[in-house]
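Now for the letters of each chain:
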Amino acid sequence: MNLKLVFKVVGRILQIEAAAMVLPLAVALLYREDPSPFLWSIAIVAAAGFLLAATPTRQHFYIREGFAAVGLIWLITGLVGALPFWFSGHFASFVDCVFESCSGFTTTGASILTNIEALPKGILFWRSLTHWMGGMGVLVLATAVLPSMGIRSHYLTQAESPGPVFSKLVPKQSQSSKILYSIYCALTLAEVACLKLAGMPLYDAFIHAFGTAGTGGFSNRNASVGAYGSFAIDMIISVFILLFSLNFAVYFLLLTKKFKEILQSDELRFFLIAVAGATVLISINIYPIYSNLLETFRYAFFQVCSIISTTGFSTTDWSFWPNFSHAVLVLLMFCGACAGSTGGGMKCSRVLILFRSIRREIHRIIHPRSVEVIKLDGKVADEDTVRSVLIFIGCYLLVILSAALVISLDGFSFTVSFTSALTCVSNVGPGLEAVGPAGNFFAFSHLSKLVMSLCMIIGRLEIFPVLVLFSRSTWRRA
Amino acid sequence: MKIVIVGNGKVGYSLAEQLVREKHDITVVDVREDPLRRAADSLDIMVVRGNGVSADVLREAGVVGADLLVAATNSDEVNMICCLTAKNLGTKYTIARIRNQEYTASLAELRRNLKIDTIINPESATAVEISRLLRFPSAANIETFCRGRVELMGFRLQENDFLVGKPLHALSAQVKKLSLLFCAVERGGQMIIPNGSFVPSVDDKLYLIGRPDSLDQFFRLLGRYAPKVKQVFLVGGGKISMYLASILDRAGIKLKIVELDEKRCRQISERFPRAMTICGDGTDQELLESENLSSYDAFVALTDRDEDNLIISLYAMQQGLPKIITKCNRENYAGIARSVGLDSVISPKFITASHILRLVRGMQNSQGSVMNSFHRIAGGAAEAMEFTVTASTRHLGVALKDLSLRPGVLIAVIVRGQDIIIPEGSTALQSDDKVIIISCNSGITGLNDIYAPERSASGTSGGQQ
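Predicted model only: the values in this text are computed from it and were never measured. (Residues numbered from 1 in each chain as written. Chains lettered and ligands numbered in written order. Predicted model: local features only at pLDDT ≥ 70, side-chain atom pairs only at ≥ 80, totals over all residues.)

## Details of the overall build of chain B
Check the secondary structure of chain B and you find 15 helices and 22 strands. Taking 23 Å as the expected radius of gyration for a compact globule of 465 residues, we find that chain B reaches 23 Å, a close match to that expectation. Taking all 465 residues of chain B together, 45% fall into the buried category. A sequence separation of at least 24 residues applies to 63% of the contacts in chain B between residues at least 6 apart. (Helix = DSSP H or I, 4+ residues; strand = E, 2+ residues; numbered from the N terminus. Rg over C-alpha atoms; globule rule 2.2 N^0.38 Å. Buried ≥ 20, exposed ≤ 12 C-beta atoms within 10 Å, placed from the backbone. Contact = placed C-beta atoms within 7 Å.)

Next up, the structure:
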């Protein structure tokens, strides 16, 4: 393990994070708020960044360092993001700040705040900016803006990019990262413009665009998107949520006019069918509450998009919806968005591979000597990929269950313990009952909050980069 | 440039590695999953799995609008089809590796009919390289420029050479009169471009550039002039050996070829009746001894295994053979071999990759000047390039002492018409000159790249003696 090199990379990332804090600082100054929380944080983070980045090192970077660096960077990022919150004095404890910061960077959107609107604008801006940075990935950003990362940077981005198969858009990693971030920025700005046109104040438009882009779900209003009560805003956000939960390679294919390949994507089809199916099921289920077709569709569609993309915005308190709707939404939390998007969850392509492996297993029982390959997007998924997907899904469930076990120590109902673990690992945000759309995570113990923060990072990095950190063989010299 | 490499074997990988370092966009196509994954893990490239003859696979790899396609799979036929398909899909330039001797006779037709721009045969290129080294045994390696009118050669300094311990400017008039230049020194794995005050020491590898007859004379002065090789001991009877044998046989050099496979031995003996073919294990020292190894002028180890080649070369060195050439494909082995005194280590993979690299550099360079030849010396630590000066080259007619060159760059030789000029401070470049540049940093693609970005008054043209 080349720790020095890992430290150097961590240092570079800290520099970027310090630079990112200049934006909320500017917002704070613009609204004549106290800039000191950001000044302190920038000073600390930048100093640490420059110190670490100056570590002299040899250039040996292998997959082990890549995974360990990613895990470490995200744990440190969680702490770094908490600094402005802590210095602002609006949070009860540092653990709360860490929870909020992890929830931001991992685009979970779960909050311990009871009255969001009481916080200064600069702090809320930082809270949402963490969504935006965490959505596409801090390291992807680093490879895009720091051309001289010098090391084999695809090890880093590979560990951070969601989905079972990692593929680049173009041969060069830095170029690939730049294309991703350009698409990301363009879509975000398009959403800001749409929201502004629909009557949202510019500041709110930015906050919600960040929340949508990273599929995070932090809002600056206590009632989330529901506070605006506007049909147009609901629809704009729903549509953009869908756009951000597609594989970004789709946009690259659109730009390079390879339409045929887009149509070949099984995952895209599966995702759209899941959204449509869930919307129809929930609409039928909740129609008696609203008894108006348009209203029913509006709430059902928004909520389905918000949950399957693992965003977690809400337009209404859906705790009062019937149990069947809750069950559908919980299933969507498992499934999650497409691979290569900014969303969380297990990812549609993994669910597809799971379904196809199950079908193959059944065929094998009936025809023991049959040979069958599993295909995804018209191409053969090699057995290594299939194996890792199945292990991933197993681990995913195991992590959720173990987290639920620890959280249940706090004495909440099983539904609360389980859905709060699920919502954290899947990076959704709201769960059911006490942690539902109108609730928050304030009441949990410090232990539970730390476990949940870790769960969010485990979910965001798709488990293994974090588990690698806890493996003894990572740290062994030989 | 956008470059697609089909076939991720030894050459394909080594080429991708080099080209990535020069900041090109590389896509590698192969049918095998494992080597592809290894390539994607260690290089910043894109990989596509599939057969290079399929138009769909090639399209996915981005050959439409690509600048270059290199087909280096292990099948000549696949390489040919691949180049043809790519060309029809809109690739600008195609290079195919074709190694079967049956095709060698009709290369020109193949090139024309299949629209292949360049055909590379690694084995034959390696054989040519070896024959060049055998023709001039004093040097550890040798490269030619301007159709052989200028030669660059490297040799290692020994304890009682008169060069040791004296600065270069203090050399005797006899040496200074010769038309040659000490253009680079490899010391402890580092490249140095020497100036007049440079003091050579034992075990330095010096690189000399100049007219072949001057170099000859220099080696005579040094007392190292080895007469031409007359008998060569060859171990291994593979493709390279066949090409090499036919070159050496034509030059009237006596050959002894040791090969393990009896059938293969028969074929060799059928093709080269004058050569002596021995069927036996070339790694067996007893066999080598009984075949009178120590009486030969040169030894060439060409078996399939790098390890065997190195060991038997060391054995030959111990037996006191004046010239030993070792084939070794693994770069890390080559470094070790050099450190124990095996100077002439050659790698077919490296030779092929250098060849293609030269083409790429030439293509990349759109203005300024045309690159005529390109050689990597000292295991790739420095490069020697030949350019033709054109009207668009900057600073024409300015004396070299008034120019500031990039650090690590040296103008070694200027060929003007029939004259071969070793430049001095007052020499100036003229249009239509051929210039040979030595550079320690990679990435010079045109003559205009040799100038320092900002002009400073203190610049000189480097180490002229």
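## Some points on the sheet that holds strand β14 (residues 276-279) of chain B
All names here are of chain B. What the 6 strands build is an open sheet, ordered β14-β13-β12-β15-β16-β17; its pairing is parallel. The sheet is open, and its two edges are formed by β14 and β17 (344-346), each paired on a single side. Averaged over all adjacent pairs, the angle separating strand axes in this sheet is 15°, with direction ignored. Pairing of strand β12 (residues 231-235) with strand β13 (residues 254-259) involves 5 bridges; the strand directions are parallel. Within the sheet, the bridge partner assigned to L234 lies in β13 and is I257. Across the sheet, helix α10 (residues 239-250) touches β12, β13 and β16 (323-327), and the angle it forms with β13 is around 165°. Against the sheet, helix α13 (residues 306-318) engages β12, β15 (298-301) and β16, with an angle of about 175° to β16. (Pairing = 2+ DSSP bridges. Axes fitted to C-alpha atoms, helices over the stretch in contact; angles between N-to-C directions.)

## A look at the environment of I116 of chain B
All names here are of chain B. Checked against the element boundaries, I116 lands in the loop between α6 (107-114) and β6 (118-120). Residue I116 is classed as buried on the basis of its C-beta count, with 25 C-beta atoms lying within 10 Å. With 163 residues separating them along the chain, I116 and C279 place their C-alpha atoms 39 Å apart. Discounting chain neighbours no more than four positions away, the residues touching I116 are M80, C83, T94, A96, L110 and R111.

## Re the environment of S111 of chain A
All names here are of chain A. Along the chain, S111 falls in the loop between α5 (94-105) and α6 (121-136). We classify S111 as buried; it has 23 C-beta atoms within 10 Å. Remark: the alpha-carbon pair of S111 and G429, spanning 318 residues in sequence, is separated by 7.8 Å. Beyond its immediate stretch of four places on either side in the chain, S111 contacts E100, S103, F218, N440 and F441.

## Quick look at the environment of N100 of chain B
Residue and element names in this part refer to chain B. With respect to the secondary-structure elements, N100 resides in the loop between β5 (93-97) and α5 (101-104). When the 12 C-beta atoms within 10 Å are taken as the criterion, N100 is described as exposed. Distance in space between the C-alpha atoms of N100 and I257 is 21 Å, their sequence separation being 157 residues.

## Here's the deal with the packing of helix α4 (residues 63-88) of chain A against α5 of chain A
The description of two packed helices rests on the angle between their axes and on the distance between the axes. Residues and elements named next belong to chain A. Closest axis-to-axis distance for the α4/α5 pair is 7 Å, and the angle between their directions is 120°. As judged from the angle between their axes, α4 and α5 are oblique. For α4 against α5, the interelement crossing comes out right-handed. Listed contacts from α5 to T77, G78, L79, G81, A82, F85 and W86 of α4 are F94, C97, V98, E100, S101, C102, G104 and F105. Of the residues contributing to the contact of α4 with α5, the split by class is 9 nonpolar, 5 polar and 1 charged. (Parallel < 35°, antiparallel > 145°, perpendicular 65-115°, else oblique. Left-handed = near helix turned anticlockwise from the far one by under 90°. Nonpolar A, V, L, I, M, F, W, Y, C, P; charged D, E, K, R; others polar.)

## Things to note about the domain arrangement of chain B
Accessible area lost upon the coming together of the parts serves often as the stated size of an interface. Residues and elements named next belong to chain B. The domains assigned to chain B are domain 1 (2-120), domain 2 (127-222), domain 3 (231-346) and domain 4 (350-450). Each of domain 1 and domain 4 was reduced to a C-alpha centroid, and the two centroids are 29 Å apart. Every contact between the two is made by 14 residues of domain 1 and, on the other side, 11 residues of domain 4. Breaking the side of domain 1 that touches domain 4 down by element, the ones donating at least two residues are α1 (10-21), β4 (68-71), β5 and β6. When residues of the side of domain 1 that touches domain 4 are assigned to their parent elements, the largest contribution, 6 residues, is made by α1. Looking at side-chain class alone, the side of domain 1 that touches domain 4 contains 8 nonpolar, 3 polar and 3 charged residues. (Domains from an automatic or database assignment.)

## Some points on the pairing of strand β11 (residues 205-210) of chain B
As a general feature of sheets, a regular strand has side chains that alternate between the two faces. All names here are of chain B. Among the 6 residues that make up β11, 6 are buried, leaving the element largely enclosed by the rest of the structure. Of the pairings in the sheet, the one linking strand β8 (residues 150-156) to β11 comprises 6 bridges and is antiparallel in character. For R156, the partnering residue across the bridge sits in β11 and is K205. Both strand β9 (residues 180-187) and β11 contribute to a ladder of 6 bridges, which runs antiparallel. Bridging across to β11, E186 finds its partner in K205.

## Quick notes on the interface of chain B and chain A
At the junction of the two partners, chain B supplies 9 residues and chain A supplies 9 residues. Here the residues of the side of chain B that touches chain A sort into 3 nonpolar, 2 polar and 4 charged.

## Observations concerning the packing of helix α7 (residues 138-145) of chain A against helix α9 (residues 173-197) of chain A
All names here are of chain A. Look at α7 against α9: their axes get within 8 Å of each other, and the N-to-C directions meet at 115°. The orientation of α7 relative to α9 falls into the category roughly perpendicular. Remark: the crossing between α7 and α9 carries left-handed chirality. On α9, the residues touching V140, L141, T143 and A144 of α7 are Q173, S174, S177, K178, L180 and Y181. Within the contact of α7 with α9, the residues separate by chemical class into 5 nonpolar, 4 polar and 1 charged.

## Considering the sheet that holds β8 of chain B
All names here are of chain B. Spatially, 5 strands are ordered β7-β8-β11-β9-β10 in an open sheet, and the strand pairing comes out antiparallel. What marks the edges here is a single partner per strand, and that holds for β7 (141-145) and β10 (190-192). Strand-to-strand twist across the sheet, computed as the mean angle between neighbouring axes with direction ignored, equals 20°. Its contacts with the sheet put helix α9 (residues 212-221) on β8, β9 and β11, and the angle it makes with β11 is roughly 140°.

## Focus on the nonpolar core
The nonpolar side chains of a soluble globular protein tend to be buried, and buried together. Formed by 136 residues in total, the largest nonpolar core has its most connected members in V304, A403, A421, V425 and C455 of chain A. By residue number, the principal contributor to this core is α4 of chain A, which donates 12 residues. With residues near it in sequence (within four places) discarded, A403 of chain A still touches A421, C424, V425, V451 and C455 of chain A. Counting 132 residues, the second-largest nonpolar core is a separate cluster that includes L180, I253, V258 and I437 of chain B. (Core = buried A, V, L, I, M, F, W, Y, C linked by C-beta atoms within 7 Å.)

## Re the confidence of the model for chain B
Residues and elements named next belong to chain B. Across chain B, the average pLDDT comes to 84, with 96% of residues at 70 or higher. The low-confidence segment residues 455-465 (pLDDT under 50) makes 30 contacts with residues lying over four places distant or belonging to another chain. Predicted as a complex, the structure gets a pTM of 0.78 and an ipTM equal to 0.74. (pLDDT = per-residue confidence, 0-100.)

## Looking at helix α15 (residues 293-308) of chain A
Residues and elements named next belong to chain A. Counted at 1.5 Å a residue, the expected span for α15 with its 16 residues is 22 Å, and the 22 Å between its end C-alpha atoms agrees. All of the buried residues along α15 are T296, Y299, A300, F301, F302, Q303, V304, C305, S306, I307 and I308. Elements in contact with the buried residues of α15: α11 (231-244), α14 (266-290) and α16 (323-335). The first or second residue beyond α15 is T310, which carries a positive phi of 60°. (Expected span 1.5 Å × (residues − 1).)

## Thoughts on unusual backbone geometry
Across residues other than glycine, the phi torsion is negative in most instances, and most of the peptide bonds are trans. Within the chain, E433 of chain A stands out as a residue other than glycine whose phi angle is a positive 55°. Locating E433 of chain A in the fold gives a position in the loop between α19 (414-425) and α20 (446-460). What makes E433 of chain A partly exposed here is the crowd of 14 C-beta atoms within 10 Å. Even without glycine at this site, H395 of chain B takes up a positive phi of about 60°. For H395 of chain B, the position within the fold is in the loop between β19 (382-389) and β20 (409-416). Judged by the 17 C-beta atoms lying within 10 Å of it, H395 of chain B falls in the partly exposed class.

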